[in-house]
Amino acid sequence: MPAKRRAAQWPWLGLLVLILVGLAAGLWFATQRIHYEWHWARVPQYFAYHDEELQIAPVAGVVLRINPTGADSRIEIQPEGGGQPVTVTVETETLKVKAGESVAEDADLGAVRSWKIGPLTWGLWVTIWISFVSGLIGMVIGLITGLCRLSPNPTLRWLAILYIELIRGTPLLVQIFIFYFFIGTVLNLDRTVAGIGALALFVGAYVAEIIRAGIQSIPRGQSEAARSLGMSATETMIYIVLPQAFKRVLPPLAGQFISLIKDSSLVSVIAITDLTKSGREIITSSFATFEIWFTVALLYLVVTSVLSQVLFWLERRFARSD
Amino acid sequence: MIKVNKLFKIFEGRNGQAVRAVDDVSTQIAKGEVVVIIGPSGSGKSTFLRCLNGLEAFDDGQVVIDGIDLTASKTNLNAIRREVGMVFQHFNLFPHKTVLENLTLAQQVVRKRKAAEAEDKAMKLLTKVGIAEKAHEYPSRLSGGQQQRVAIARALAMDPKVMLFDEPTSALDPEMVGEVLDVMKQLAKEGMTMAVVTHEMGFAREVAHRVLFMDFGRILEDAPPTEFFTAPKEPRAQTFLKQVL
Ligand SMILES: Nc1ncnc2c1ncn2[C@@H]1O[C@H](COP(=O)(O)OP(=O)(O)OP(=O)(O)O)[C@@H](O)[C@H]1O
Ligand SMILES: [Mg+2]
């Protein structure tokens, strides 16, 4: 029976492959039509590149001698006006002078090369840490708001409702602008702080609703049992309700944090150099528009997939007691 | 041990109708006494029991546990509840904790006992109710009867002065009722003060010192079991007994 069912799957998988190949071919023909030339080779340098820092003679003078030390060479220059010799270190491969040669001030002696992090890697890093920090703050805001939302105190409850409705009823882009241009100006906030603040407030409202639903999904008998053992309301919340609620809300929370990573691309509008902003900047110099956007998309995809794998693993660990 | 004086609990129904779940109830339970509360469904037995440990806030009247008035403004309800153990129909074990942790958590959090001391106590009680070998399992791996015995042990771990049981065997398969009742009988023999809501008439006959019959939120009859089961005075108690026996 299972063998039979698998056999019936093959035609559909074949069709799937056919459709995917068709899409790829369509893409290729489309770029052919607009005479787009692919330059994938230009992409890697934006992850990391070999930087050459030119070394110049600090004074005019004569090269006394050159001491090779490993891959480097130390050039000693006797200044024209007399005095102590000065030393400049360059990589031997890039050496441009010989011993005994006289050099003018600012003359090119060689270079020091090093690997530098490219803007794509840097942007990716900014995206990751901004998402992480705002997710963390948003989680705290959401937990507090979710608890206030369920509080018997009307002030707390209505403040929570107001905040949640305000955030959920307005676009994130507008919130970022308000946060940056209004609150940021009034409180004199750095743009990064403003961006993180706006994202944290945004995600906090959604987390609050998720947590509220999670808490409400725990049967009343649980807190009654805890209270009947003499635990206070706070102890009951900490030891009994929240741990169970957290386990239940993990999947929706995971979805929320994955959304957050994607939504964080909007902070590029207030000139935070995240992955999206880096991509835009690179395009102005590389002219590899399609390649860069595809790469940026792929990088977001990698980050979100890794996160969802981590959360999936966490979920399975929590499922131990089921 | 327990004094109840003119207790009232009124629920506002959805349609604005008031339900008198507990209606002018006064009674006393002495130390070491086992009182069984019976009555038809909706007669207010659970609500009455829940008023005894302050799980349900009552509207009027007085409940005094071991000399402490629940209604007095400076009474700490949490402090009272740790002296009053409660066992629920649906066990209400903590599913995210192992059996052992179910028993040790409140000891450590509420009674501030050291982990070793709490575990020691927990293992003794689990041995007593006959499931020491399941100490490290999660509750979902246990049968209903085993879960209820863990729930009883969990309540006992707090060294309560009184135990309240709200239909502890109603959610169990018939073959598991006996093992739970045996634990309760054992407790009664040891002199625990108990208030038990149950439909197990055999248990009431054998163990109870008094039977309270409730209907419409009132205690209609209060008599020793022999008297109650052979010659109930109340006509409603007579009809009820005819139905269940
Ligand atoms: N939270 C509540 N809100 C409104 N009405 C309630 C609530 N709890 C109980 N009641 C009502 O109070 C009355 C007494 O309920 P209670 O649960 O105490 O009865 P019971 O004797 O325990 O019944 P059962 O044998 O079915 O458990 C019922 O009419 C019930 O509908
Ligand atoms: Mg009941």
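Structure shown above.
Thresholds applied
Residues numbered from 1 in each chain as written. Chains lettered and ligands numbered in written order. Predicted model: local features only at pLDDT ≥ 70, side-chain atom pairs only at ≥ 80, totals over all residues. Heavy atoms only, no water. Helix = DSSP H or I, 4+ residues; strand = E, 2+ residues; numbered from the N terminus. Rg over C-alpha atoms; globule rule 2.2 N^0.38 Å. Buried < 20%, exposed > 50% of the residue type's maximum accessible area, 1.4 Å probe, protein only. Areas by Shrake-Rupley, 256 points an atom, 1.4 Å probe, with all protein chains shown as cover. Lys, Arg positive; Asp, Glu negative; His and termini not counted. Charge placed at Lys NZ, Arg CZ, Asp CG, Glu CD. Core = buried A, V, L, I, M, F, W, Y, C linked by side-chain atoms within 4.5 Å. Contact = heavy atoms within 4.5 Å. Buried area = accessible area lost by both parts, 1.4 Å probe. Salt bridge = Lys/Arg side-chain N within 4 Å of Asp/Glu carboxyl O. Polar contact = N/O pair within 3.5 Å; in protein donor to acceptor, adjacent residues only side chain to side chain. Pairing = 2+ DSSP bridges. Axes fitted to C-alpha atoms, helices over the stretch in contact; angles between N-to-C directions. Patch = residues over 30% accessible without salt bridge, like charges linked within 9 Å, V, L, I, M, F, W, Y side chains within 5 Å.

Q: Looking at this model, I keep getting lost on the overall build of chain B. Mind explaining?
A: When helices and strands are counted, chain B shows nine helices and 10 strands. A globule of 245 residues ought to have a C-alpha radius of gyration of about 18 Å, and chain B, at 18 Å, matches this closely. In terms of principal-axis extent, the alpha carbons of chain B reach across some 50 × 45 × 40 Å. By residue count, 55% of the 245 residues in chain B fall in the buried class. Within the structure as shown, chain B displays about 10900 Å² of accessible surface, and the carbon and sulfur contribution to it stands at 48%. Averaging the coordinates of the 32 positive side-chain charges in chain B and doing the same for the 31 negative ones gives two points 4 Å apart.

Q: Quick question: what am I supposed to make of the nonpolar core here?
A: The tendency in soluble globular proteins is for nonpolar side chains to be buried as a group. Residue and element names in this part refer to chain B. Judged by nonpolar contacts, the single largest core of 50 residues is most densely connected at Leu126, Ile152, Met163, Phe165, Met184, Met194 and Phe228. For this core, the element with the most residues is helix α6 (residues 174-189), which contributes eight residues. Val22, Val84, Leu105 and Leu212 belong to the second-largest nonpolar core, a separate cluster that totals 38 residues.

Q: Would you take a moment to explain the interface of chain A and chain B for this structure?
A: It is common to give the size of an interface as the accessible area that goes away when the parts come together. Taken together, the contacts link 20 residues of chain A with 25 residues of chain B. Together chain A and chain B conceal approximately 1900 Å² of surface at their shared face, both sides included; 59% is due to carbon and sulfur atoms. In this structure, the connection of chain A to chain B is made through one salt bridge. With a closest N to O distance of 2.8 Å, Glu224 of chain A and Arg50 of chain B form a salt bridge. The interface formed by chain A and chain B holds six residue pairs in polar contact (both at pLDDT 80 or more) in total.

Q: I keep staring at the sheet that holds strand β2 (residues 18-29) of chain B and nothing clicks. Help me out?
A: Pairing between the strands of a sheet is mediated by backbone hydrogen bonds and can be parallel or antiparallel. All names here are of chain B. Ordered in space as β2-β1-β4-β5, the four strands form an open sheet in which the pairing is antiparallel. At either margin of the open sheet sits one strand with a lone partner, and together these are β2 and β5 (68-69). Across five bridges, the pairing between strand β1 (residues 2-12) and strand β4 (residues 60-65) is antiparallel. Following the sheet pairing, Ile2 is matched in β4 by Ile65. The sheet contacts of helix α1 (residues 45-52) involve β1, β2 and β4, and relative to β1 the element is tilted by about 125°.

Q: Could you clarify how one ought to interpret helix α3 (residues 99-109) of chain B in this entry?
A: An α-helix turns once every 3.6 residues. As a result, residues three or four positions apart point the same way. Of all 11 residues in α3 of chain B, nine are buried; the element is thus mostly enclosed. Every buried residue belonging to α3 of chain B is among Val99, Leu100, Asn102, Leu103, Thr104, Leu105, Ala106, Gln107 and Val109 of chain B, and all of these are buried. Where the residues of α3 of chain B are buried, they touch α7 (233-263) of chain A together with α4 (115-128) and α5 (144-156) of chain B.

Q: Any chance you could explain the pairing of β1 of chain B here in plain terms?
A: Every regular strand shows the same layout, with side chains that alternate between the two sheet faces. Residue and element names in this part refer to chain B. Strand direction decides the pairing type here: β1 and β2, joined by nine bridges, are antiparallel. Its bridge partner lying in β2, Phe11 is registered against Val19. Hairpin connection between β1 and β2: a loop of five residues separates the two successive antiparallel strands, and Gly16 in this loop has a positive phi of roughly 80°.

Q: Help me out: how do you make sense of a nonpolar patch on the surface in this one?
A: Residues Trp10, Trp12, Leu13, Leu15, Leu16, Leu18, Ile19, Leu20 and Leu23 of chain A make up a contiguous nonpolar surface patch of roughly 1000 Å² in combined accessible area. Locating Leu16 of chain A in the fold gives a position in helix α1 (residues 2-33).

Q: Honestly, the pattern of salt bridges in this entry has me stumped. Any pointers?
A: Pairing between side chains of opposite charge can happen when their charged atoms approach one another. All names here are of chain B. Following the criterion strictly, the structure yields 28 salt bridges over all chains and no others. Ionic pairing is found between Asp23 and Arg20, a salt bridge with its closest N-O pair at 3.1 Å. Among the residues examined, Asp23 registers a relative accessible area of 8% and is labelled buried. Between Arg111 and Glu83 there is a salt bridge; the shortest N-O distance is 3.5 Å. On the criterion of sequence distance, the pair formed by Arg111 in the loop between α3 and α4 and Glu83 in the loop between α2 (77-81) and β6 (84-87) is long-range, its members being 28 residues apart.

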